[in-house]
Amino acid sequence: MRQKKVEELDKLVSSIATAGDKLPTVERRQFLSQGLSMLGGAAAMVAGGTALAATTSKYAPPNVPPWTKTLGQGVIADPYGVPSPFESNVVRRNVPWLTADRIASISFTPLADLKGIITPSGLVFERYHAGRPEIDPDEHHLMIHGMVDRPIILTMDDLMKFPSTSMIRFLECPANGGMEWRGAQMTKLQFTHGMLSCCEWTGVLLSTILAEVGVNKGASWILAEGADGALMSRSIPMEKALDDALIVYAQNGEALRREQGYPIRLINPGWEGNTCIKWLRRLEIGDSPYYQREETSKYTDLMPDGTAREFTFVQESNSVVTTPSPENPLKGKGKYWLEGLAWSGRGKIKAVDVSLDGGINWRPARLTGMIEPRALTRFGMEWDWDGSPALIQSRSIDETGYVQPTYTQLRAVRGSSSIYHKNAIHTWRLHADGSVTNVQIS
Ligand SMILES: Nc1nc2c(c(=O)[nH]1)N[C@H]1C(S)=C(S)[C@@H](COP(=O)(O)O)O[C@H]1N2
Ligand SMILES: [Mo]
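Source: prediction; values computed, not measured. (Residues numbered from 1 in each chain as written. Chains lettered and ligands numbered in written order. Predicted model: local features only at pLDDT ≥ 70, side-chain atom pairs only at ≥ 80, totals over all residues. Heavy atoms only, no water.)

Caption draft 1: A look at the overall build of the protein. When helices and strands are tallied, the protein shows eight helices and 25 strands. The buried share of the protein, reckoned over its 442 residues, is 51%. Counting contacts in the protein only where the partners sit at least 6 residues apart, residues at least 24 apart contribute 72% of the total. Approximately 20,400 Å² of the protein is accessible, and the part contributed by carbon and sulfur atoms is 55%. (Helix = DSSP H or I, 4+ residues; strand = E, 2+ residues; numbered from the N terminus. Buried < 20%, exposed > 50% of the residue type's maximum accessible area, 1.4 Å probe, protein only. Contact = heavy atoms within 4.5 Å. Areas by Shrake-Rupley, 256 points an atom, 1.4 Å probe, with all protein chains shown as cover.)

Caption draft 2: Spotlight on the sheet that holds strand S23 (residues 390–398). Pairing is antiparallel in the open sheet, where five strands are placed in the order S20-S19-S23-S24-S25. In this open sheet, the two strands that pair with only one neighbour each are strand S20 (363–364) and strand S25 (436–439). Bridge analysis of strand S24 (residues 427–430) against S25 gives four bridges, and the strand direction is antiparallel. Each residue of the ladder has a partner; that of Leu 430, found in S25, is Val 436. (Pairing = 2+ DSSP bridges.)

Caption draft 3: Molecular detail of the packing of aromatic side chains. The final tally for this structure, using the stated rule, is nine aromatic pairs. Seen in terms of ring centroids, Tyr 128 and Trp 279 are 6.1 Å apart; in terms of plane orientation they differ by 50 degrees. Their pairing is tilted. Within this pair, whereas Tyr 128 is found in strand S4 (residues 126–128), its partner Trp 279 is found in the loop between strand S13 (265–267) and strand S14 (280–286), the two being separated by 151 residues in sequence. Between Trp 383 and Trp 385 the ring centres are 6.4 Å apart and the planes differ by 45 degrees, which places this aromatic pair in the tilted class. Taking relative accessible area as the criterion, Trp 385 reaches 3% and is therefore assigned buried. Every member of this aromatic cluster is reached through a ring pair, and the members are Trp 221, Trp 271, Tyr 291, Phe 311 and Phe 313. Geometry around Trp 362 places Arg 395 over its ring, the cationic atom sitting 4.1 Å from the centre. (Phe/Tyr/Trp six-rings, centres within 6.5 Å; stacked < 30°, edge-to-face > 60°. Lys NZ or Arg CZ within 6 Å of the ring centre and 35° of its normal.)

Caption draft 4: Inspection of the site of ligand 1 at higher detail. Inspection of the region around ligand 1 gives 20 residues, with Phe 125, His 129, Asp 228, Arg 265 and Lys 278 positioned closest. A distance of 3.1 Å separates a nitrogen atom of ligand 1 from a polar atom in the backbone of Cys 276. At 2.4 Å from an oxygen atom of ligand 1 is found a side-chain nitrogen or oxygen belonging to Lys 278. Burial of ligand 1 by the surrounding chains reaches 100%, relative to a free accessible area of 530 Å². When each cavity is represented as a set of grid points, ligand 1 is found to reside in the largest cavity. (Near = heavy atom within 4 Å. Polar contact = N/O pair within 3.5 Å; in protein donor to acceptor, adjacent residues only side chain to side chain. 1 Å grid on protein atoms, 1.4 Å probe; cavity = no way out; pocket = protein on both sides within 12 Å on 5 of 7 lines; lining within 4 Å. Sits in = over half its atoms within 2 Å of the grid points.)

Caption draft 5: Geometry of the side chain of Ser 344. Tracing the sequence through the fold places Ser 344 in the loop between strand S18 (334–343) and strand S19 (349–355). For Ser 344, a relative accessible area of 0% corresponds to the buried category. Among the polar contacts made by the side chain of Ser 344, one reaches the main-chain amide nitrogen of Arg 346 at a distance of 3.0 Å. Ignoring anything within four residues of it in the chain, the contact list for Ser 344 reads Phe 170, Gln 315, Ser 317, Ile 349, Arg 374 and Asp 398.

Caption draft 6: Representation of helix H8 (residues 407–414) in the model. Inspection of H8 places Tyr 407, Leu 410 and Arg 414 among the buried residues, and these make up the whole buried set. Angular distribution of buried residues about the axis of H8 spans 70 degrees; they occupy a single face of the element. In H8, the exposed positions that point more than 90 degrees away from the buried face belong to Ala 412 and Val 413. Of the surrounding elements, those touching the buried residues of H8 are helix H4 (178–181), strand S15 (301–302) and strand S16 (308–309). (Arc of directions from axis to C-beta.)

Caption draft 7: Expanded view of the layout of surface pockets. Considered as a void within the structure, the largest pocket measures approximately 970 Å³ in volume. If you go around the largest pocket, you meet 36 residues; those closest to its centre are Arg 127, Ala 175, Lys 298, Ile 419 and Tyr 420. At the level of secondary structure, the elements contributing two or more residues to the lining of the largest pocket comprise strand S3 (105–107), H4 and S15. Here the residues of the lining of the largest pocket are counted per class, giving 19 nonpolar, ten polar and seven charged. (Points joined across faces, edges and corners; volume = space filled by probe spheres on them. Nonpolar A, V, L, I, M, F, W, Y, C, P; charged D, E, K, R; others polar.)

Caption draft 8: Region of the structure containing the pattern of salt bridges. Tallied over the full model, the rule gives 21 salt bridges. Between Arg 374 and Asp 244 there is a salt bridge whose closest N-O contact spans 2.6 Å. A residue pair is termed long-range when its members are at least 10 positions apart, and Arg 374 in the loop between strand S21 (366–368) and strand S22 (377–385) and Asp 244 in the loop between helix H7 (238–243) and strand S11 (246–251) qualify at 130 residues. Residue classification places Asp 244 among the buried positions, given a relative accessible area of 10%. Two residues, Asp 353 and Arg 395, come together in a salt bridge whose shortest N-O distance is 2.9 Å. With Asp 353 in strand S19 and Arg 395 in strand S23, this pair connects stretches of sequence that are 42 residues apart. The class for Asp 353 is buried, based on a relative accessible area of 13%. Here the residues in one salt-bridge network are Glu 225, Arg 281, Arg 282 and Glu 284, joined through shared partners. (Salt bridge = Lys/Arg side-chain N within 4 Å of Asp/Glu carboxyl O.)

Caption draft 9: Examining the nonpolar core more closely. Ranked by internal contacts, the top residues of the largest apolar core, which has 34 residues, are Leu 159, Leu 206, Ile 247, Leu 280, Leu 283 and Ile 285. Take this core: its biggest share by element is four residues, from helix H6 (residues 206–213). Among all residues touching Leu 206, those that are not within four sequence positions of it are Ile 222, Ala 241, Ala 245, Leu 246, Ile 247, Leu 266 and Leu 283. Within the second largest apolar cluster, 31 residues are counted, among which are Ile 117, Leu 341, Ile 349 and Val 436. (Core = buried A, V, L, I, M, F, W, Y, C linked by side-chain atoms within 4.5 Å.)

Caption draft 10: Representation of empty space enclosed by the protein in the model. All told, the structure shown has three cavities of 30 Å³ or more when counted by the stated rule. Looking at the largest cavity, its volume works out to about 230 Å³. Surrounding the largest cavity, 21 residues form its lining, Arg 127, Arg 265, Gly 273, Cys 276 and Lys 278 being those nearest its centre. The residue inventory of the lining of the largest cavity, partitioned by class, reads ten nonpolar, five polar and six charged.

Caption draft 11: Quick peek at the pairing of strand S7 (residues 165–172). Across the eight residues that make up S7, a large majority, six, are buried. Bridging between S7 and strand S8 (residues 196–205) involves eight bridges; their strand directions are antiparallel. The residue of S8 that forms the bridge with Leu 171 is Ser 197.

This is how it looks when you write it as structure tokens:
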């Protein structure tokens, strides 16, 4: 194993050109390393080999806290349950300078605070092109027409009569991380990777509906259109429609949230979130793409030779460490559970490696919990932090053998003018005081 000293690691932190002229200083990278001051305070005790912080609470055993001496709240204090007030920091947030208003905008999932792989419905990121419409399901319809034998208009009641299925799949905006690509360095994990969520989606396979209407020979594309003011629409290839595209009416066990497209949306598992049309009102079956705004002037990838790639549907494999992260700094040296999320639009995650020295040495992490195709997958690693600065990275490998690229590898193919589909290996710089900042290593 090659060894690297802290000072040498510093050299690895490349200074990428900040296209940040347009970006406020607060979100720019922090260039300077912090002093190597050791962390004071926090007495530690060792239990079962793990260093645990000594509690100073007056309610620690054997003392009895007040909530044990009184009766608690009765049932239905909250007819619809809400998180503890002590969790009030766990909320969606936006980046005000990113969009002109909150109508055509995006909010980000607080990934640093989440556990497991399911994103609670109230924390799923929101992306609107014309705001969130309020739709009465009794007044909502889904029209299916074009190259079909039996065009139909379905009510929501009609839709419920078809066989239903459920799948846990991630949803990611292809612009996730796009600001990093352009040189801005967001200060939090919520903003570097938070255009990402994972839910159990329930509904009717699009293939079931297509069988009902009878697709004509030669039909190869489907236009999916939303009922919002943007009439957001995308062209979906027939292969995806016949594979796993789902018309979704429920999310994490209850009706789809308004933010996610109530009463129905399309989910194209593993594909860019933009194709997952919300408030779905129309499916037109045709024999060529429809070249809508969101697949021509937007959501295409400008390549180094000046051409633009279109229809880059798949979200390639990606990963990020969630602890430590800017939101989850370390509190003194000792044992930790380093963990993160990995995902691939092509299937299951096969392995995740973690580096603590900016990509020089790698060691395998453990995949924990459920491993579903095209779903967020948890990884973790036991780690005894000796208190020295580190450059923490994760690298995912999916079941197709695809390995998450470095920035150098990604830019070699894609150049520097892209926004969408940034899946380069991410680096957190852990400082001696346990704080974590966002840096870029080429
Ligand atoms: N009708 C409609 N569908 C839409 C959008 C929209 O603005 N209108 N935004 C798209 C984009 S760009 C993304 S990334 C996803 C986001 O889904 P979410 O808001 O449920 O996270 O929805 C897509 N579907
Ligand atoms: Mo998006």
